[in-house]
Amino acid sequence: MIIITGGAGFIGSNFVLDWLAQSDEPIINLDKLTYAGNLQNLSSISEDSRHIFVQGDIGDTQLISRLLNEHQPRAIINMAAESHVDRSIHGPEDFIQTNILGTFRLLESVRSYWFGLESGSRANFRFLHVSTDEVYGTLEKNDPAFTETHGYQPNSPYSASKASSDHLVRAYFHTYGIPVLTTNCSNNYGPFQFPEKLIPLMIANALAGKSLPVYGDGLQIRDWLYVTDHCRAIRRVLEAGIPGETYNIGGWNEKANIEIVQTICALLEEYRPGSNFQHLITYVKDRPGHDRRYAINAQKIERELNWKPAETFDTGIRKTVAWYLNHPQWIADIQTGAYRTWLEKNYHGRQ
Ligand code: NAD
Ligand code: TYD
């Protein structure tokens, strides 16, 4: 079996659902259930015995060591993190605790487990660390896209904390020989994304008739990847990636924020004939230290592991807008905080 951390978040829950759709290998899902963790995302597999949910912190060494020794996983995929740049600006402490110290403690638990394995299991074990393109810093308009050898120049407390965790993961390979893999992915979008991030926030606000806040001039560029393409890439890296290597993952979809917001409005207007959302677009004060452009060169993973995205931005954004339109209760439960009672409702009385 494998362990995933952060599997109740946006990418994690998509990954767990996708994993169980592709494979019969059980998956242990360790998640602290911060504000970003939502077990409703996994309600369709609440009866599936191949999914074992454990509420806990990646920094809880005792818990992690117990899980490792009890279940003897062949791999850990570390997705648990504080992930929102704006929150990291208002309060960096949680980012340092989880992304840096948490990853460190998780690596320590893995180190003692891994040293205790017999040589075959040791060689086959993988620690896959899911990271971001934001560690590379910002690009000017005409700069080439980030490759795996681009220097780390993080600019926000979020990206600095992810960069630190990437360095620790690298060090555990070089120092102790633990077979680690690191992936650096661009901005994801798709179902189950917490509506604090650009795309779901704009959809939720538009549907509520609220303004659509575009930071600064709205010309900042991100490289968008549909979340299930990211999940496929992670599965592929786990399967065939070379220990110690890093892999950039991206969608070859560079778009300015304002273009994204206008596209969302246009799609909502198409799905809801007669409506108008463009007038809700409002330019607001910029984010401090706002990175101007991210772009991923994803040639290495395509060349070496034969992965490339299946979705174009047009197909992915259509699916995404349709998903949010079809799941008003999911959005409402987050807005009212009701999703937080799901754990109690669903797991009360279970073993
Ligand atoms: P998310 O915020 O939606 O989910 C994070 C999950 O981690 C939540 O379920 C939360 O409860 C859990 N968590 C937080 N702290 C924890 C802790 N100390 N112990 C255990 N669980 C904890 O994030 P996401 O967007 O799904 O991102 C997942 C990973 O992918 C993160 O590592 C992030 O840095 C990385 N990433 C995200 C994107 C993106 O666009 N969303 C892009 C590239 C990389
Ligand atoms: P976000 O989804 O927070 O991802 P990240 O900052 O990690 O790239 O934001 C994506 C882009 O959208 C980023 O340039 C900031 C911008 N943005 C807005 O313009 N308005 C908003 O309300 C939010 C949340 C983001």
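Preceding block: the structure.
The rules behind the values
- Residues numbered from 1 in each chain as written.
- Chains lettered and ligands numbered in written order.
- Predicted model: local features only at pLDDT ≥ 70, side-chain atom pairs only at ≥ 80, totals over all residues.
- Heavy atoms only, no water.
- Pairing = 2+ DSSP bridges.
- Helix = DSSP H or I, 4+ residues; strand = E, 2+ residues; numbered from the N terminus.
- Axes fitted to C-alpha atoms, helices over the stretch in contact; angles between N-to-C directions.
- Contact = heavy atoms within 4.5 Å.
- Near = heavy atom within 4 Å.
- Polar contact = N/O pair within 3.5 Å; in protein donor to acceptor, adjacent residues only side chain to side chain.
- Nonpolar A, V, L, I, M, F, W, Y, C, P; charged D, E, K, R; others polar.
- Left-handed = near helix turned anticlockwise from the far one by under 90°.
- Core = buried A, V, L, I, M, F, W, Y, C linked by side-chain atoms within 4.5 Å.
- Buried < 20%, exposed > 50% of the residue type's maximum accessible area, 1.4 Å probe, protein only.
- Expected span 1.5 Å × (residues − 1).
- Bend = angle between axes of the 7 residues up to and from the residue.
- Salt bridge = Lys/Arg side-chain N within 4 Å of Asp/Glu carboxyl O.
- Lys, Arg positive; Asp, Glu negative; His and termini not counted.

Engineer: I keep staring at the sheet that holds strand β1 (residues 2-5) and nothing clicks. Help me out?
Structural biologist: With parallel pairing, the seven strands of this open sheet are ordered in space as β3-β2-β1-β4-β5-β6-β11. Either end of the sheet is taken by a strand with one partner, and the two such strands are β3 (51-55) and β11 (246-249). Going across the sheet, the axis of each strand differs from the next one's by a mean of 20 degrees, ignoring polarity. Direction of pairing for strand β2 (residues 27-31) relative to β3: parallel, over a ladder of five bridges. Bridging across to β3, D31 finds its partner in Q55. Its contacts with the sheet place helix α6 (residues 157-176) against β5 (126-132) and β6 (180-185), and it is angled at close to 155 degrees to β5.

Engineer: Explain the site of ligand 2 here, please?
Structural biologist: Contacts to ligand 2 come from 18 residues, most closely from E134, P213, R222, R287 and H290. N187 has a polar side-chain atom sitting 2.9 Å from an oxygen atom of ligand 2. Note that an oxygen atom of ligand 2 is positioned 2.5 Å from one of the side-chain N or O atoms of R287. The set of elements that each furnish at least two residues to the shell around ligand 2 consists of α7 (198-207) and β8 (212-215).

Engineer: Would you take a moment to explain the site of ligand 1 for this structure?
Structural biologist: The full set close to ligand 1 counts 28 residues, and I11, D31, S83, Y158 and K162 are the nearest of them. Side-chain polar atom of D31 to an oxygen atom of ligand 1: 2.5 Å apart, as the coordinates give it. Separating an oxygen atom of ligand 1 from a backbone N or O atom of M79 is a distance of 3.1 Å. Elements supplying a minimum of two residues to the shell around ligand 1: α1 (10-22), β5 and α6. The greatest single-element share of the shell around ligand 1, amounting to three residues, is contributed by β5. In terms of residue class, the shell around ligand 1 is made up of 12 nonpolar, 12 polar and four charged.

Engineer: What is the right way to look at the packing of helix α2 (residues 61-71) against helix α4 (residues 93-115) in this model?
Structural biologist: Two packed helices can be described by the angle between their axes and the distance between those axes. Their axes nearest at 9 Å, the elements α2 and α4 cross at an angle of 35 degrees. When the axes of α2 and α4 are compared, the crossing they make is right-handed. Side by side, α2 and α4 meet where T61, I64, S65, L68 and N69 of the first sit next to R105, L106, S109, V110 and Y113 of the second. Classifying every residue of the contact of α2 with α4 gives five nonpolar, four polar and one charged.

Engineer: Would you mind showing me how to read the nonpolar core here?
Structural biologist: Generally speaking, a soluble globular protein has its nonpolar side chains buried in company with each other. Residues F15, I27, I77, M79, L128 and I301 are the most contacted members of the largest nonpolar core, which totals 36 residues. Of all the secondary-structure elements, those providing two or more residues to this core are β1, α1, β4 (75-78), β5, β6, α8 (227-240), β11 and α10 (299-305). Not counting chain neighbours up to four residues away, the residues in contact with I27 comprise I2, I4, F15, V16, W19, L20, R50, H51 and I52. Counting 34 residues, the second-largest nonpolar core is a separate cluster that includes Y189, F194, I260 and Y324.

Engineer: Is there a simple way to think about α4 in this case?
Structural biologist: Residues spaced three or four apart along an α-helix point in a common direction, a consequence of the helix completing one turn every 3.6 residues. Its 23 residues give α4 an end-to-end C-alpha distance of 32 Å, which sits within 8% of 33 Å, the value for a rise of 1.5 Å per residue. A maximum bend of about 35 degrees is found in α4 at G102.

Engineer: Mind showing me how you'd approach the pattern of salt bridges here?
Structural biologist: Charged atoms that come close allow side chains of opposite charge to pair. If you walk through the whole model with that rule in mind, you get 19 salt bridges. We note a salt bridge from E245 to K300, for which the minimum N-O separation is 2.6 Å. Taken together, the positions of E245 in the loop between α8 and β11 and K300 in helix α10 put the pair 55 residues apart, joining distant regions of the chain. Among the residues examined, E245 registers a relative accessible area of 31% and is labelled partly exposed. You can call K300 buried: its relative accessible area is 11%.

Engineer: Just to check I follow, could you spell out the side chain of E134 for this structure?
Structural biologist: Considering the arrangement of structural elements, one finds E134 in the loop between β5 and α6. It is R222 that comes nearest to the buried, bridge-free E134 among opposite-charge side chains, at 5.3 Å. With sequence-adjacent residues up to four places away left out, E134 is seen in contact with V85, P154, Y158, S159 and Y294.

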